[in-house]
Amino acid sequence: MAAAPVVDAAARLREAVEKRELAALDDLFTPDIRFYSPVKFQPFEGRRTVVGLFGVLLRLFEDFRYIGSYEGTARTSADGSEAASAVLPFRTTVNGKEIHGIDLLHFDEDGRIKEFTVMVRPLSAVQTLGAAVYAGLVADGLVPPLPEER
């Protein structure tokens, strides 16, 4: 894939996230997208699930902004194939914790995102983000609540 489609797709993702336009994300993801979260070992899989996750994230993020972009190629997690890729560094705040992170995007041959990996720091921000995202996923019915402890 040429660099121009990657730059275009990354720019469209950036615009959709920054404007909090959840519907615009649907066309950017492959039907079988895999989303690797910093707080969950197994990836979120499938467009419906990942768009639902973004609904939670866009509600949680305060002052979200991408601060740069890098394009190139990288091996995917799913099958190790080399794919056109982009890295988008970002800053945001969740529940008063400032988060520094990157979104690593892998594209298919049509310019859609097939893998989306998020890395964030510091550890306290990862923990805050994980708890807030889990609560949002439960509230939206995307995951079951944990059984109550006795």
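The structure under discussion appears in the preceding block.
Residues numbered from 1 in each chain as written. Predicted model: local features only at pLDDT ≥ 70, side-chain atom pairs only at ≥ 80, totals over all residues. Heavy atoms only, no water.

Here we look at the overall build of the chain
On a plain count of helices and strands, the chain comes out with 4 helices and 7 strands. Starting at the N terminus and walking to the C terminus, you meet the elements of the chain as α-α-β-β-α-β-β-β-β-β-α. Expected size for 150 residues packed as a compact globule is a radius of gyration near 15 Å; at 15 Å, the chain falls within 12% of this value. Reported as C-alpha extents along the three principal axes, the dimensions of the chain are approximately 55 × 30 × 25 Å. Across the 150 residues that make up the chain, the buried fraction comes to 43%. Within the chain, counting contacts between residues at least 6 apart in sequence, those at least 24 apart form 52% of the total. If you sum the accessible surface of the chain, you get close to 8,200 Å²; carbon and sulfur atoms cover 52% of it. Distance between charge centroids for the chain: 4 Å, based on 17 positive and 22 negative side chains. (Helix = DSSP H or I, 4+ residues; strand = E, 2+ residues; numbered from the N terminus. Rg over C-alpha atoms; globule rule 2.2 N^0.38 Å. Buried < 20%, exposed > 50% of the residue type's maximum accessible area, 1.4 Å probe, protein only. Contact = heavy atoms within 4.5 Å. Areas by Shrake-Rupley, 256 points an atom, 1.4 Å probe, with all protein chains shown as cover. Lys, Arg positive; Asp, Glu negative; His and termini not counted. Charge placed at Lys NZ, Arg CZ, Asp CG, Glu CD.)

Quick word on helix α3 (residues 47-60)
In this model, α3 (14 residues) spans 20 Å end to end at C-alpha, consistent with the 20 Å of a helix rising 1.5 Å per residue. Most of α3 is tucked away, with 10 of its 14 residues classed as buried. (Expected span 1.5 Å × (residues − 1).)

Comments concerning unusual backbone geometry
For residues other than glycine, phi is negative in most cases, and the peptide bonds are mostly trans. A cis geometry characterises the amide bond from Arg121 onward to Pro122, with omega recorded as -5°. Residue position: Pro122 is located in the loop between β7 (113-121) and α4 (123-139). Phi is positive for Asp63, close to 55°, though the residue is something other than glycine. Relative to the elements of secondary structure, Asp63 occurs in strand β3 (residues 62-66). Residue Asp63 is classed as exposed on the basis of its relative accessible area, which comes to 53%. Non-glycine residue Asn95 carries a positive phi angle of around 50°. Tracing the backbone shows Asn95 in the loop between β5 (82-94) and β6 (97-107).

Focus: the environment of Glu109
By secondary structure assignment, the location of Glu109 is in the loop between β6 and β7. For Glu109, a relative accessible area of 67% gives the class exposed. Residues Glu109 and Ala83, 26 residues apart in the sequence, show an inter-C-alpha distance of 8.2 Å.

Considering the nonpolar core
If you look at the biggest cluster of nonpolar residues, it comprises 41 residues, and the most contacted ones within it are Leu13, Phe29, Phe35, Leu105 and Phe116. Among the elements of the structure, α1 (3-18), β1 (29-36), α3, β3, β5, β6, β7 and α4 are those that each provide at least two residues to this core. For this core, the leading source of residues is α3, giving 8 residues. Non-local contacts of Leu13, meaning those with residues more than four positions away in its chain, are made with Leu25, Leu28, Tyr66, Leu88, Leu105, Ile113 and Phe116. (Core = buried A, V, L, I, M, F, W, Y, C linked by side-chain atoms within 4.5 Å.)

Regarding the packing of aromatic side chains
Inspection of every chain in the model, using the stated rule, returns 10 aromatic pairs. An aromatic cluster is defined as three or more aromatic residues linked by ring pairs; in this entry it consists of Phe29, Phe35, Phe44, Phe54 and Phe116. Across the ring face of Phe44, the terminal group of Lys40 is positioned such that the distance to the ring centre comes to 4.6 Å. (Phe/Tyr/Trp six-rings, centres within 6.5 Å; stacked < 30°, edge-to-face > 60°. Lys NZ or Arg CZ within 6 Å of the ring centre and 35° of its normal.)

Observations regarding the pattern of salt bridges
Where charged atoms from two side chains of opposite charge come close, those side chains can pair. Considering all chains together, one arrives at 6 salt bridges under this definition. The residue Glu45 makes a salt bridge to Arg34 at a minimum N-O spacing of 2.7 Å. Here the residue Glu45 occupies a position in strand β2 (residues 44-45), and Arg34 occupies one in strand β1, the gap between them amounting to 11 residues. (Salt bridge = Lys/Arg side-chain N within 4 Å of Asp/Glu carboxyl O.)

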